[in-house]
Amino acid sequence: MQGNGASPGWTFLTSHARVLLAIARDPGIRLRDVASHCGVTERTVQNIVADLEAGGYLTRSRAADGRRNVYRIDPAAPFRHPSEADHEIARLLELLGPRPDRVPRHDGTERAPRDR
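Bear in mind the structure is a predicted one, so any value in this text is a computation, not a measurement.

How each quantity is defined
- Residues numbered from 1 in each chain as written.
- Predicted model: local features only at pLDDT ≥ 70, side-chain atom pairs only at ≥ 80, totals over all residues.
- Heavy atoms only, no water.
- Salt bridge = Lys/Arg side-chain N within 4 Å of Asp/Glu carboxyl O.
- Buried < 20%, exposed > 50% of the residue type's maximum accessible area, 1.4 Å probe, protein only.
- Pairing = 2+ DSSP bridges.
- Helix = DSSP H or I, 4+ residues; strand = E, 2+ residues; numbered from the N terminus.
- Phe/Tyr/Trp six-rings, centres within 6.5 Å; stacked < 30°, edge-to-face > 60°.
- Contact = heavy atoms within 4.5 Å.

Here's the deal with the pattern of salt bridges
Counted according to the given criterion, the structure contains 2 salt bridges. Here D33 ties to R30 by a salt bridge, and the two come within 2.9 Å at their closest N and O atoms. Across the salt bridge formed by R60 and E53, the nearest N and O atoms sit 2.8 Å from each other. Note on E53: relative accessible area 29%, which makes it partly exposed.

And the structure:
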């Protein structure tokens, strides 16, 4: 983000990376919540998830309630670009993925865990 609050002209992460990270934070997240979190349309997220699934980065299955999809990410999958192909996405997930000090919500946001 620029200091003046204006939208940046570019970012370091692609929409594909943002969608992957949102799913890593909450494998049961709804695609509309991913879209809201990533600032893209739900249709764009559907296309990105299809790309990630076709590329072997994630698989989807039905949740036990039969109403939602649950996603599983393959952290051993390599980056696609030849200059990073010798690295697994696990490193990206470790750096920017789920944080043990945060609890994911189904809307794509995170909150601090409650003290018990």
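Some points on the pairing of strand β1 (residues 58-62)
As paired strands, β1 and strand β2 (residues 69-73) are joined by 5 bridges and run antiparallel to one another. What sits directly across from L58, in β2, is I73. A loop of 6 residues connects β1 with β2, the two strands running antiparallel in sequence, and G66 in this loop sits at a positive phi of about 75°.

Notes on the packing of aromatic side chains
For the structure on display, the rule yields 1 aromatic pair. Taking the centre distance of 4.9 Å and the plane angle of 80° together, the rings of W10 and F12 count as edge-to-face. Given a relative accessible area of 58%, W10 falls into the exposed group.

A look at helix α2 (residues 31-38)
Those residues of α2 lying buried are L31, D33, V34, A35 and C38. Check the buried side of α2 and you find it contacts α1 (15-25), α3 (42-54) and β2.

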